[in-house]
Amino acid sequence: MTALRQATEVVDPVPGASAPHLPQQPDLVQLLTPEGERVEQPDYSLDISDEELRSLYRDLALVRRWDVEATALQRQGELGIWASLLGQEAAQVGAGRALADGDMAFPTYREHGVAWARGVDPLDVMSLFRGVDNGGWDPVARRFNLYTIVIGAQCLHATGYAMGVQRDGSEDAVLAFLGDGATSQGEVNEAMVFAASFAAPVVFFCQNNQYAISVPLERQTRIPLYQRAAGFGFPGVRVDGNDVLAVLAVTRAALQAAREGQGPTFIEAFTYRMGAHTTSDDPTRYRLASELEEWKLRDPIARLKAHLSRDGIADAAFFESVDAEGDELAARIRTGTVEMPDPAPSSMFEHVYAEQTPPLAAQQAEFEAYHASFEGGVER
Amino acid sequence: MGALKQFRLPDVGEGLTEGEILQWLVAVGETVTVNQPLCEVETAKAAVELPSPFAGTVTELLFDAGTMVDVGTPIITIDVGGDAATAAPATDEPAAGLIGGSAPGGRTAVLVGYGPRTTEARRRPRRSGQVVAERATAPIVLPEADYGSGGSERPPLLATAPDADTKPVRHGGLEVGRQAEAHALGGAAAPSSQAPQGRGRLRPLAKPPVRKYAKDLGVDLAAITGSGAGGVITRADVDAALAARGAGGTVLRGSFGAENGTPGEREQRIPIKGVRKHTAAAMVASAFTAPHVTEFLTVDVTRMMKLRARLAARPELAGVKVSPLLFVAKALLLAVGRHPMVNSSWDEAAQEIVVKDYVNLGIAAATPRGLVVPNIKDAARMSLAELAGALADLTATAREGRTAPADMAGGTITITNVGVFGVDTGTPILNPGESAILAFGAVREMPWVHKGKVVPRQVTQLALSFDHRIIDGELGSRFLADIGALLHDPGAALAF
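Residues numbered from 1 in each chain as written. Chains lettered and ligands numbered in written order. Predicted model: local features only at pLDDT ≥ 70, side-chain atom pairs only at ≥ 80, totals over all residues.

## Things to note about the overall build of chain B
Stated formally: Secondary structure is summarised from DSSP: a helix means a run of H or I of at least four residues, a strand means a run of E of at least two, and numbering begins at the N terminus for each. Between the buried cut of 20 or more and the exposed cut of 12 or fewer other C-beta atoms within 10 Å of a residue's own C-beta lies the partly exposed class, and all C-beta atoms are placed from the backbone. Two residues qualify as being in contact provided that their C-beta atoms, derived from the backbone, are within 7 Å of each other.
A tally of helices and strands in chain B yields 11 helices and 19 strands. Each of the 496 residues in chain B was classed as buried or not, and the buried ones make up 35%. Considering only contacts in chain B between residues 6 or more positions apart, those separated by 24 or more positions represent 61%.

## Looking at the overall build of chain A
On a plain count of helices and strands, chain A comes out with 14 helices and seven strands. When burial is assessed residue by residue, chain A has 51% of its 380 residues classed as buried. Within chain A, counting contacts between residues at least 6 apart in sequence, those at least 24 apart form 76% of the total.

## Focus on unusual backbone geometry
Residues and elements named next belong to chain A. One non-glycine residue with positive phi stands out, namely Arg143, at about 55°. Relative to the helices and strands, Arg143 is located in the loop between α6 (139–142) and α7 (153–168). Positive phi, close to 50°, is recorded for Ala199, a residue that is not glycine. Residue class for Ala199 comes out buried when judged on the 24 C-beta atoms lying within 10 Å of it.

## Quick notes on the confidence of the model for chain B
Residue and element names in this part refer to chain B. So the rule is basically this: The predictor attaches a confidence to each residue, called pLDDT, with possible values from 0 through 100.
In this model, chain B carries an average pLDDT of 76, and 71% of its residues clear a pLDDT of 70 or more. pLDDT under 50 marks residues 85–110. Its contacts with residues more than four places away, or in other chains, come to 52 contacts. Taken as a whole, residues 187–200 scores under 50 in pLDDT and shows 33 contacts with residues more than four places along the chain or in a different chain. Both confidence scores are given for the complex: pTM 0.54, ipTM 0.75.

## Focus on the nonpolar core
Definition in use: Nonpolar cores are identified as sets of buried Ala, Val, Leu, Ile, Met, Phe, Trp, Tyr and Cys residues joined via C-beta atoms within 7 Å.
With 99 residues, the main nonpolar core has Leu175(A), Ala176(A), Val203(A), Phe204(A), Val250(A) and Ile267(A) as its most contacted residues. When residues of this core are assigned to their parent elements, the largest contribution, 12 residues, is made by helix α10 (residues 244–259) of chain A. Ignoring anything within four residues of it in the chain, the contact list for Ile267(A) reads Val203(A), Phe204(A), Phe205(A), Cys206(A), Val237(A), Val239(A), Val250(A), Thr251(A) and Ala254(A). Core analysis: the second largest hydrophobic core is formed by 49 residues, Ala379(B), Leu387(B), Leu438(B) and Ala463(B) among them.

## A few points about the sheet that holds strand β1 (residues 104–106) of chain A
Residues and elements named next belong to chain A. Keep this limit in mind: Strand pairing follows a simple DSSP-based rule, namely that at least 2 bridges must link the two strands. Inter-axis angles, ranging from 0 to 180 degrees, are taken between N-to-C directions of lines fitted to C-alpha atoms, where helices are fitted over the stretch in contact.
Overall, parallel pairing links the five strands, which are arranged β1-β2-β3-β7-β6 in an open sheet. Single-partner strands in this sheet number two, and they are β1 and β6 (236–240). Direction aside, the axes of adjacent strands within the sheet are offset by 20° on average.

## Comments concerning the pairing of strand β3 (residues 202–208) of chain A
All names here are of chain A. In plain terms, the rule: Seen with its strands pointing away from the viewer, a crossover is right-handed if its path from the first strand over the helix to the second goes clockwise.
Judged by how many residues are buried, β3 sits mostly within the fold: seven of seven residues are covered. One ladder, built from six bridges, connects strand β2 (residues 174–179) with β3; its direction is parallel. The partner of Gly179 across the bridge, within β3, is Gln207. For the crossover from β2 across helix α8 (residues 186–197) to β3, the handedness is right-handed.

## A look at the environment of Leu46(A)
Residue and element names in this part refer to chain A. Mapped onto the fold, Leu46 is located in the loop between α1 (2–9) and α2 (50–75). For Leu46, a count of 17 C-beta atoms within 10 Å corresponds to the partly exposed category. Residues contacting Leu46, with those up to four places away along its chain left out, are Leu31, Leu245, Leu248 and Ala249.

## Considering α2(A)
All names here are of chain A. What counts, and what does not: The span one expects for a helix is its residue count, reduced by one, times 1.5 Å.
Here α2 spans 38 Å end to end across 26 residues, near enough to the 38 Å set by a 1.5 Å rise per residue. For α2, the buried fraction is high: 19 of the 26 residues fall into the buried class. Looking one or two residues beyond α2, the residue adopting positive phi is Gly77, at roughly 85°.

## Notes on the confidence of the model for chain A
On average, chain A scores 90 in pLDDT, and the residues at 70 or more come to 92%. The low-confidence segment residues 1–25 of chain A (pLDDT under 50) makes 48 contacts with residues lying over four places distant or belonging to another chain.

## Some thoughts on the UniProt feature "domain: Peripheral subunit-binding (PSBD)" (unreviewed entry) in chain B
Note the threshold: UniProt positions are given in the numbering used here, feature names are shortened, and annotations may be inferred rather than shown by experiment.
When the UniProt feature table is mapped to this numbering, "domain: Peripheral subunit-binding (PSBD)" (unreviewed entry) covers residues 205–242 of chain B. Taken end to end, residues 205–242 of chain B has its terminal C-alpha atoms 18 Å apart, with 47% of it in helix and 0% in strand.

## Things to note about the sheet that holds strand β6 (residues 56–61) of chain B
Taken in spatial order, the four strands make up an open sheet running β1-β8-β6-β3 (chain B), and their pairing is antiparallel. The sheet terminates laterally at β1 (4–8) and β3 (31–32) of chain B, the two strands that pair on one side only.

## Brief notes about the packing of helix α8 (residues 324–338) of chain B against helix α11 (residues 473–488) of chain B
Residues and elements named next belong to chain B. The condition is simple: Note on angle classes: values under 35 degrees are labelled roughly parallel, values over 145 roughly antiparallel, values of 65 to 115 roughly perpendicular, and the remainder oblique. By definition, any crossing whose near helix is turned counterclockwise from its far helix by less than a right angle is left-handed, and any crossing with a clockwise turn is right-handed. Amino acids outside the nonpolar list (Ala, Val, Leu, Ile, Met, Phe, Trp, Tyr, Cys, Pro) and the charged list (Asp, Glu, Lys, Arg) are all regarded as polar, and Gly is one of them.
Here α8 crosses α11 at 135°, and the two axes come no closer than 9 Å. Judged by the angle between their axes, α8 and α11 are oblique. Between α8 and α11 lies a crossing whose hand is right-handed. Contact residues: α8 offers Phe327, Val328, Ala331, Leu332, Leu334, Ala335 and Arg338, while α11 offers Phe479, Asp482, Ile483, Leu486 and Leu487. Classifying every residue of the contact of α8 with α11 by side-chain character gives 10 nonpolar, no polar and two charged.

## Description of the pairing of strand β12 (residues 352–355) of chain B
Residue and element names in this part refer to chain B. In the sheet, strand β11 (residues 344–347) pairs with β12 via four bridges, with the strands oriented antiparallel. Across the sheet, the residue bridging to Ser344 is Val355, located in β12. In this antiparallel pair of consecutive strands, β11 and β12, the connection spans four residues, and Gln351 shows a positive phi of 55°.

## Details of the packing of α2(A) against helix α3 (residues 89–98) of chain A
How two helices sit against one another is set out by the angle between their axes and by the gap between those axes. All names here are of chain A. Running from amino to carboxyl end, α2 crosses α3 at an angle of 130°, the nearest separation of the two axes being 10 Å. Between α2 and α3, the interaxial angle falls into the category oblique. Once α2 is placed against α3, the crossing between them reads as right-handed. Contacts from Leu56, Asp59, Leu60, Val63 and Arg64 of α2 reach α3 at Glu89, Ala90, Val93 and Arg97. Its residues assigned to classes, the contact of α2 with α3 shows five nonpolar, no polar and four charged.

## A short note on α10(A)
Its 16 residues give α10(A) an end-to-end C-alpha distance of 22 Å, which sits within 8% of 22 Å, the value for a rise of 1.5 Å per residue. Gly261(A), located one to two residues past α10(A), shows a positive phi value of around 85°.

## Things to note about the environment of Gly186(A)
All names here are of chain A. By the element assignment, Gly186 lies in helix α8. According to the C-beta neighbour criterion, Gly186 is exposed, with 9 such atoms within 10 Å. As a C-alpha pair, Gly186 and Ala153 span 33 residues in sequence and 9.1 Å in three-dimensional space.

Right under this line is the structure:
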């Protein structure tokens, strides 16, 4: 019944405007201006303590420091590739911090900020990009799925998981991450159709960073992405993706709505990828430096720093301590990455199935015997 | 001297094998910190800065800027201090092709430059030294803080917030990109003629017609500063460059190549043989034995073109091509019936004129081997459908180069369809042994007086050359006029 009611309610000239939990959508939800001034949004009031604000800043700064170090390590030949989150810290940390303990997140390959917010050790992410494993963390324990490289595929996983949650009668919600380019993928659209039809407790969190590698947004869509949600029959909202407070508030509201059985929400976090798509990409070939300079003025970390300083929430000593912590983190990441042991060749057999099958066990034995046949053998 | 470490060129993309060192950002003797940019490298995928993996003093730059270096090759040696006895680079190095030297724990990182590789770096010409040269003069802003030495200092490469005095984190060749943009936008720094050639600009900007224009005139676009929006070179720029060159410089002769060199070097000598030799002999024999007269007639063939469309729909003509040439052939055959003398030949030896009761209609055909004139035997007895089929067979056979000598012998009169080349008319030379040849020009829509008004009509030109020994002007004129009348009003055939 909920699904039916929603489907009829969202038939409205202003898409998403009649969503019960997101009434009268503004074009862009913003709680913190690029200059660092708090603005009130009655629909998304955020009661947040100074301690929480400082903690958000710390997350943003440390995640960026990690990203910078990882980019450098790739340039030094220590990582095979790195997908930088530079510029998207607020969207990721805000979304990650909106999750409740039991909520499950399904990331793309760029959600380092969400991984950080979920308590994943950066080295467990680095190992994936160094090519020594497929992601070192326990997705069940961290409530954070492994990175998905296939564009948009995780939206189906998230919707399926959410439908499972629904059948379990659990109170958890699911957060599916995707990019602007992924909205053109069939899987994403299928996931949204199912999520809407079954009012699955899933929130689609789209970081619109303006480019699908080199393809600009205007090649992906003729309308603002958040308005697409109306076509599927659930509310869509656009939030300033460089405003960690707005992202936190909007994502929290959407997850809460999902938990309460009101079905999915599409969140378009309007942001900008300040770096390259990955370290294999050269953005100067397809976009102007002036565009980047423009977005630097909307830097997600600078605006929170300005807010904290201006309102006396944090002093210079605090910022210095965060910087120092960042350097320690970077040093730990550097050492840990460089010293990461290569996996034993036969370890690739270990995580194919939860329980090893006899044919696979036989293959593993044969593989190990083959390697052992070389002079001196190989390390196990 | 302390321990020396070498940094090998990593694979900064995925699966790259080489990169070009665009410029060094450090010099020998300079102290570097971890992650301080050492150099800028361009690969097939991107231009990027390589940050230092070591802190220490630069002791050697192993390649000059502008060198192509294979992935896995050491490019810089850095003295990282400590005990010199620990290792010298030569002995410390792992097998060639492995990257990163020895890492803590005694193992070797092998992410980059898989497999042994012993090839030397090689030089290649720089695409453009301009930007790099300009950048080299610009001060490189490098943070002085030693990485990790003090918690309060901002580490190199990092900008937690983009302050005015801090260099931003640089992904890719953003700095280079800005330079290129500055040039492209016609910034102040574009005074020299080579300035528009920023790196990444593989060729000067100009629209295709201007490109062609410059090429035809032999003007090198790379030497021109564009005055159009975004530095685009305009036609006026090309004209100006040409004028400037004309005042004292040399102008390349476009596609004709350099001006020096003897004439023989710029000529091609083709042996006269085959079809060319045969054609030449026939043309000479014809032109210098039969006195030619050519007459012209311009005809409104609109009705013929309409009839053509109607006939093409008839079942008896299904499957054959109803072309304008088919109507010309039919008109000529009908006209020959009224003026048999045009279908004759001059027998010099017998001192007789041979008038033929049959028409072997020759059709001049352009083939890969040259001009051939096969003929349709006894064409006057054919129905329109048969004639159409014969025409199609003849041209297809000729184009495939399979025309038999017998097909070309015994012709009595010929049509040359110059219209297919978009030509209006010509003065054809008689096929030897024949007395008349008709040139059929292109059918064009032209302004034409029709029923007292100038209206667009389908118009073509006919040219008839004939042997004046046999055919007088009167006969030739009547023959041509009859063909014209039949093409103008195909219904006139009923009166023939």
